[in-house]
Amino acid sequence: MPENEVPVAKALLEEHKEILDSEDFQVVLKALLEAYKPVVEEDVKRVRDAGRLRKEAEKNPPDCDDEIEQAHRIFEAFFTEEVALRILPKEAQETLGPIERWRWCFLHIRCCMVFGWLVCRGPRNFRAFVYYLYRYWLCVRRVIGQPVAEPLTAEQRADFQKLVQAFAGAYKPYLTEQLAVMDFATSVPDDVLEGRIDCEEGEAELGQVFERLHNPEVAEALFGKEAFAKLSQEPFFWFCRCWCLCAIRFGCCLARSRNFLQVLICLLLYWLCVRRCFGPLVCEIAKPSGCTEEQEIPVAGILRGVEIVGTAAGAFCSHYTLEWREGGVGPYSSAGIKYPGGAAQGACGLFNGTLGYLETFPYVDSGAVEIRLCLYSSQSGTPQCCSITFELQRNLVWIRGLEGIEAAEPPGIFDPTAQLTDAGNRVRAFGTRLRVVGSANIGGCSGQDIKRFTLSYHPGFVVDPTLPGFVQFWQVDYNTLLQLDASSTKIFEGALTSRWREMHWPPAACSPVWNWLQASRWSTETPQSFPIEPSEPPCPAPALWASTPLPTSNCHSGRYTLRLSVEDTGGGIKHDLQQAWFDNKDIHGEITQVSGLPPCGSIVLSKFAADGGDCLQPWPASLLGIAYDEYIEEGNTANPSDNFGGYRLRIKKDGGPWFNLPIPGPSGPPWGGPFVGSGRVGEPGVRCPTANPPAGVIPPKTPGILTVLDFRRLDRVCNPAEPALTLDRAHVGPNGEEVPGECCGYILHLQVWDESICPGLSAGRHQIDDFFPICVCNDLRR
């Protein structure tokens, strides 16, 4: 036995020496050892004869059925009627009466022992647990006289499906807790070195899985609807279920035992557990108590809440309920109460275990809260209740997102690696001036109100809020009673980038009567200074403070981790992290030429017209230019580093409306789309000056083809449907006069944009526009 386990075991044995010396315990212990004896003797023979071991293994290799057969062999030999009666306290024997009355319970307890022994013999995944749950279900149905058909009936299949779903709900919190430990694995080495983790680690968590599986809904699926309706009327039914929980734990303890000294401890714990089941109703709440801070409880799907720990046990205890009220006055409420496994009420048989959870947000205000536990007995209509009062410390500290993407939901809201994505699940980048959105709301316990909150950034993606290198860029202090007076001054699901405003009344006075926080935007690319702005009349000027932009390296762009830190008046600090991409790099858009002509050049349509003006053939002309957005990380072409949005082209005749140009063109009548180019065009030949790209990486400036124009569209003969855009050809007038072809100025418009979210810009994104004037003459003749 490990050294640190010895004192605990020794104290347990000394405390219950009277039980160990009793005749009943000695008989039960001897029966347990006798049940193990044939199994041990067989293994001793195998140890003494290696040849025999090999031959036996080759002839009868072990399989799953052998394991199950061995379990039933041990517990059928051990758990006889005599052993069952000796385990029960005298008052229990008197209440239960002759064993013929409760034989189904006796046989069912044996199934419970076998189940606990099988699932705890080694590491099991969920699928393996379900396999043993199936064998447990078969065992229970058989001993109560409701054997499962082959194949299953529709009702039996539905019962087993319900049982598996319930077990998934009981097992999921265990996995969630393990994942949470791995997310913060840095603390585990210290726990091992300081003795907080030993060979007993994990037993309590596994026991909680069994407890969460112990509820009325599971019992109905386990026994079957009709059998449950009949058996649950027995006055000892819920005692039998409590006894089963003890038996499962007993079987599990035996499976994990490494020697017979530990087997003795398992039997003693089982003995005590059964007596607690048949004792008087025990109603106790241990936690929450004192000042309790609300936390995320993933196992119950709770964003903010508290775990309720205590004892709900005793003979004939059928179920329990939980309720709460604020300040210890007024009616009780069950809103926000959640029971283990998602049950509608609590199942008795818990000893200093999780009774349930109270989802404090949004149901409960901070401050004094009373929780009441009520136990119901199958023997009495009057519940036995107990209560506890604690102080609820509000803990709403998180970055919800950035302006434009504010819909992060749990678990992402508390996952520092969760990216900010749009409705299409694309990671988005942000730029220029924006609001950081979230909650900074703490308080409720005496001396632990909010003092200040700050926002900081760290280059790169990090997950540890205590790392050095965070740069503060925003701060809000709660300095006065007026600022703390109203709950509205604590930010919940609002702009964390807010600043104080003051309202003065009467107008002649300079002392503020109330303050409020006004949403502002943080500039990621330029420094900003803000005063606390007073209202009229003018009072002494408040001090300025400055927000810090992102570093100039890489043009204020790249991957960053934002940190929200909220400090209370007691010195406690809460952090939350949010990783985000920022893009403040230039976007390039330029029209350089139309078929070799520079801006303000003159074009005659005859140069492009086919066969002197044949409208059935295109009149192509290449429109060259650049549509380019710099990558957030040079060389990284994946989203969101590749943040290019697109470009579009338009044309208008002087004084007329705009007409979209098809891309890539040419396109004949009716000149349909697409009208948006989705890929970069050309090379600007420049990059962000502080990105420091390697020498020789940037190619020279090289225009590309933005689209191919079709000049038929500017000819009124070929395009009579758009008179506001076209030019008429030369022709003979109504009086025989010669009318020359029309000439007019045109403007080509290029717009290029990226997909960054930039609330501080009118377009809401990075965007550049370029205009290219030309003169066009229609020198063709009708």
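Residues numbered from 1 in each chain as written. Predicted model: local features only at pLDDT ≥ 70, side-chain atom pairs only at ≥ 80, totals over all residues. Heavy atoms only, no water.

(A) Spotlight on the pattern of salt bridges. All chains considered together, the criterion is met by 36 salt bridges. Between Arg325 and Glu370 there is a salt bridge, with the nearest N and O atoms lying 2.8 Å from each other. With Arg325 in strand β5 (residues 317-326) and Glu370 in strand β8 (residues 367-377), this pair connects stretches of sequence that are 45 residues apart. Here Glu370 falls in the buried class, since its relative accessible area comes to 8%. Its salt-bridge partner being Glu567, residue Arg452 comes within 2.9 Å of it at the nearest N-O pair. Of this pair, Arg452 sits in strand β13 (residues 450-459) while Glu567 is found in strand β22 (residues 558-568), placing the two residues 115 residues apart along the sequence. On the basis of relative accessible area, Arg452 is assigned to the partly exposed category, the value being 24%. Taken together, the shared-partner salt bridges connect Glu23, Asp24, Glu82 and Arg86 into one network. (Salt bridge = Lys/Arg side-chain N within 4 Å of Asp/Glu carboxyl O. Helix = DSSP H or I, 4+ residues; strand = E, 2+ residues; numbered from the N terminus. Buried < 20%, exposed > 50% of the residue type's maximum accessible area, 1.4 Å probe, protein only.)

(B) Examining the state of the cysteines more closely. This structure, assessed with the given rule, holds 14 disulfides. Two residues, Cys112 and Cys244, share a disulfide whose sulfurs are 2.1 Å apart. Negative torsions about the S-S bond denote left-handed disulfides, and the value of about -100° found for Cys112 with Cys244 makes this one left-handed. One end of the pair, Cys112, is in helix α8 (residues 103-119); the other, Cys244, is in helix α15 (residues 237-256), with 132 residues separating them in the sequence. Accessibility assignment for this pair places Cys112 and Cys244 in one class, buried. Covalent S-S linkage joins Cys242 and Cys277, the inter-sulfur distance amounting to 1.9 Å. What sets the handedness of the Cys242 and Cys277 disulfide is the S-S torsion sign, and at about -75° it is left-handed. (Disulfide = S-S within 2.5 Å.)

(C) Main features of the environment of Lys451. Turning to its location among the elements, Lys451 is positioned in strand β13. Look at Lys451 and you get partly exposed, because its relative accessible area is 32%. Distance in space between the C-alpha atoms of Lys451 and Asp568 is 4.8 Å, their sequence separation being 117 residues. For Lys451, the residues in contact, after removing those within four places along its chain, are Asp477, Tyr478, Glu567, Asp568 and Thr569. (Contact = heavy atoms within 4.5 Å.)

(D) Looking closely at the sheet that holds strand β26 (residues 620-629). Strand order in the open sheet formed by three strands is β24-β26-β30, with antiparallel pairing between adjacent strands. Every interior strand has two partners, whereas the edge strands, β24 (587-594) and β30 (704-710), have only one. Averaged over all adjacent pairs, the angle separating strand axes in this sheet is 25°, with direction ignored. Across six bridges, β26 lies against β30 in antiparallel orientation. What sits directly across from Leu623, in β30, is Thr707. (Pairing = 2+ DSSP bridges. Axes fitted to C-alpha atoms, helices over the stretch in contact; angles between N-to-C directions.)

(E) Quick peek at the side chain of Gln262. Assignment of secondary structure puts Gln262 in helix α16 (residues 260-277). Polar contacts involving the side chain of Gln262 include one to the main-chain amide nitrogen of Arg258, which spans 2.6 Å. (Polar contact = N/O pair within 3.5 Å; in protein donor to acceptor, adjacent residues only side chain to side chain.)

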